[in-house]
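Understanding the architecture of this molecule
Here is what each chain is made of, one letter per residue.
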Amino acid sequence: MPSSAPPAARVALALAAVYVIWGSTYLAIRFALEGGFPPFLLGGIRFVVAGALMFALLRWRGLPSPTPAQWRNAAVLGALLLLLGNGMVNLAETTVSSGLAAVTVASAPLWMAVFAGLRGERPTRGEALGLGIGFAGVVWLSAGDSLTGAPLGLVALLLAAVSWSFGSIWSRGRDLPPPLMSAAAQMLCGGVLMLGTGLALGERLHGLPTLHAIGAFWYLVVMGSLVGFSAYVWLLRHVRPALAGSYAYVNPAIAVVLGAWLARERFGARELVAMAVILAGVVILTFARSAQAPRPAPVAPEEAP
């Protein structure tokens, strides 16, 4: 991990990727599920394909393969972030709207703050204010009657948020390869775990998915995994947890708007105001991070003498 702060433009591009692209993946997941993909097989095939493509490209460019210890850490993260994180979202979206899925997962920054605090990395006052305002907007948005869902789906989404948050904090300082190779390894490991889970649960592809579903699948592979997940892994290495997790406050707004536009998921003035509150929380969180003086980064295990 570099000892100096990364360029602001690079941070902004990575945040834009996880803010905008991941906000749209909730609807893409819904379209893929409706078109014939089972939940865990959808994630498993998606991440194995994306991970294999990225791994092959990085090896072709000369990057070394992860060490056995790095593969073990990547497998743990694949289980936490992808099998339990993404897998539970896929499962939940069989019973809840894409907008509600994004809203519920928006509790992730709060869980990240809790887990980071247990490691001694407490949020600053500005970050805490941004987190509080953002979460207030999420509560307001989820209290509306335009977003409805089944209790089992909501439990799955809560598990997804907690698992994703714990994995994100657990990854900091672990022996992992460079960010892009780390993303490839995590996708490969997580994808294999999701395929195994899906097959064990009896999931099967009963015929060829629809063209609409196949298009959504490839959008998830290229934009959601190769671009979005890689950007998130990079952010975990270079910015504070509160800023890396702030995507969860923007994703609901994007997911709700796209759901209403493309899938006729309803929302009104209440949702618009709540989304404005969410965005206000993100702005405060971002400015708090900018005002924070860069901290000397701890020596990563692979850099230790």
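Residues numbered from 1 in each chain as written. Predicted model: local features only at pLDDT ≥ 70, side-chain atom pairs only at ≥ 80, totals over all residues. Heavy atoms only, no water.

1. What to know about the overall build of the chain
- Across its full length, the chain carries 12 helices and 0 strands.
- In the chain, the order of α-helices and β-strands from amino to carboxyl end is α-α-α-α-α-α-α-α-α-α-α-α.
- When burial is assessed residue by residue, the chain has 54% of its 305 residues classed as buried.
- Considering only contacts in the chain between residues 6 or more positions apart, those separated by 24 or more positions represent 93%. (Helix = DSSP H or I, 4+ residues; strand = E, 2+ residues; numbered from the N terminus. Buried < 20%, exposed > 50% of the residue type's maximum accessible area, 1.4 Å probe, protein only. Contact = heavy atoms within 4.5 Å.)

2. Some remarks on the packing of helix H2 (residues 39-60) against helix H9 (residues 211-238)
- Put simply, H2 and H9 touch, their axes get as near as 9 Å, and they point 55 degrees apart. It follows that H2 is oblique to H9 by the angle criterion. For H2 against H9, the interelement crossing comes out right-handed. Judged by residue contacts, Leu42, Ile45, Arg46, Phe47, Val49, Ala50 and Met54 of H2 engage Phe217, Trp218, Leu220, Val221, Gly224, Ser225, Leu226 and Ser230 from H9.
- Grouping the constituent residues of the contact of H2 with H9 by class yields 11 nonpolar, 3 polar and 1 charged. (Axes fitted to C-alpha atoms, helices over the stretch in contact; angles between N-to-C directions. Parallel < 35°, antiparallel > 145°, perpendicular 65-115°, else oblique. Left-handed = near helix turned anticlockwise from the far one by under 90°. Nonpolar A, V, L, I, M, F, W, Y, C, P; charged D, E, K, R; others polar.)

3. Overview of the confidence of the model for the chain
- Per-residue confidence for the chain gives a mean pLDDT of 83, with 87% of residues at or over 70.
- In this model residues 293-305 is a low-confidence stretch, pLDDT under 50, and it forms 19 contacts with partners more than four residues away in sequence or in other chains. (pLDDT = per-residue confidence, 0-100.)

4. Details of a nonpolar patch on the surface
- There is a patch of nonpolar side chains on the surface, built from Trp111, Val114, Leu118 and Leu158 and spanning about 390 Å² of accessible area.
- Counting residues per element, the nonpolar patch draws most heavily on helix H5 (residues 108-118), which supplies 3 residues.
- The topology assignment puts valine 114 in helix H5. (Patch = residues over 30% accessible without salt bridge, like charges linked within 9 Å, V, L, I, M, F, W, Y side chains within 5 Å. Areas by Shrake-Rupley, 256 points an atom, 1.4 Å probe, with all protein chains shown as cover. Salt bridge = Lys/Arg side-chain N within 4 Å of Asp/Glu carboxyl O.)

5. Digging into the pattern of salt bridges
- Overall, the coordinates contain 1 salt bridge when judged by the stated rule.
- With a closest N to O distance of 2.8 Å, arginine 30 and glutamate 34 form a salt bridge. On the criterion of helical spacing, the pair formed by arginine 30 and glutamate 34 is a turn pair, its members being 4 residues apart in helix H1 (residues 8-34).
- What makes glutamate 34 exposed here is its relative accessible area of 54%.

6. Section: the packing of aromatic side chains
- Counted under the stated rule, the structure contains 9 aromatic pairs.
- Ring plane angle 80 degrees and centroid distance 5.6 Å describe the contact between tryptophan 22 and tryptophan 164, whose orientation is recorded as edge-to-face. In this pair, tryptophan 22 sits in helix H1 while tryptophan 164 sits in helix H7 (residues 151-170), placing the two residues 142 residues apart along the sequence.
- Overall, the relative accessible area of 11% leaves tryptophan 164 in the buried class.
- Ring geometry for tryptophan 164 versus tyrosine 232: centroids 5.2 Å apart, planes at 35 degrees, classification tilted. In this pair, tryptophan 164 sits in helix H7 while tyrosine 232 sits in helix H9, placing the two residues 68 residues apart along the sequence.
- Assessed through its relative accessible area of 0%, tyrosine 232 is described here as buried.
- Three or more aromatic residues joined by ring pairs form one cluster here, namely Trp22, Trp164, Phe229 and Tyr232. (Phe/Tyr/Trp six-rings, centres within 6.5 Å; stacked < 30°, edge-to-face > 60°.)

7. Points about the nonpolar core
- By size, the foremost hydrophobic cluster in this structure holds 77 residues, and its most contacted members are Phe229, Leu235 and Tyr247.
- A total of 15 residues in this core trace back to one element, the largest contributor, which is H1.
- Those residues within four positions of tyrosine 247 in sequence are excluded, and the remaining contacts are Val18, Tyr19, Trp22, Ala108, Trp164 and Tyr232. (Core = buried A, V, L, I, M, F, W, Y, C linked by side-chain atoms within 4.5 Å.)

8. Quick word on helix H4 (residues 98-105)
- Burial analysis of H4 places 8 of its 8 residues in the buried class, the great majority of the element.
- Of all the positions in H4, only Ser98, Gly99, Leu100, Ala101, Ala102, Val103, Thr104 and Val105 are classed as buried.

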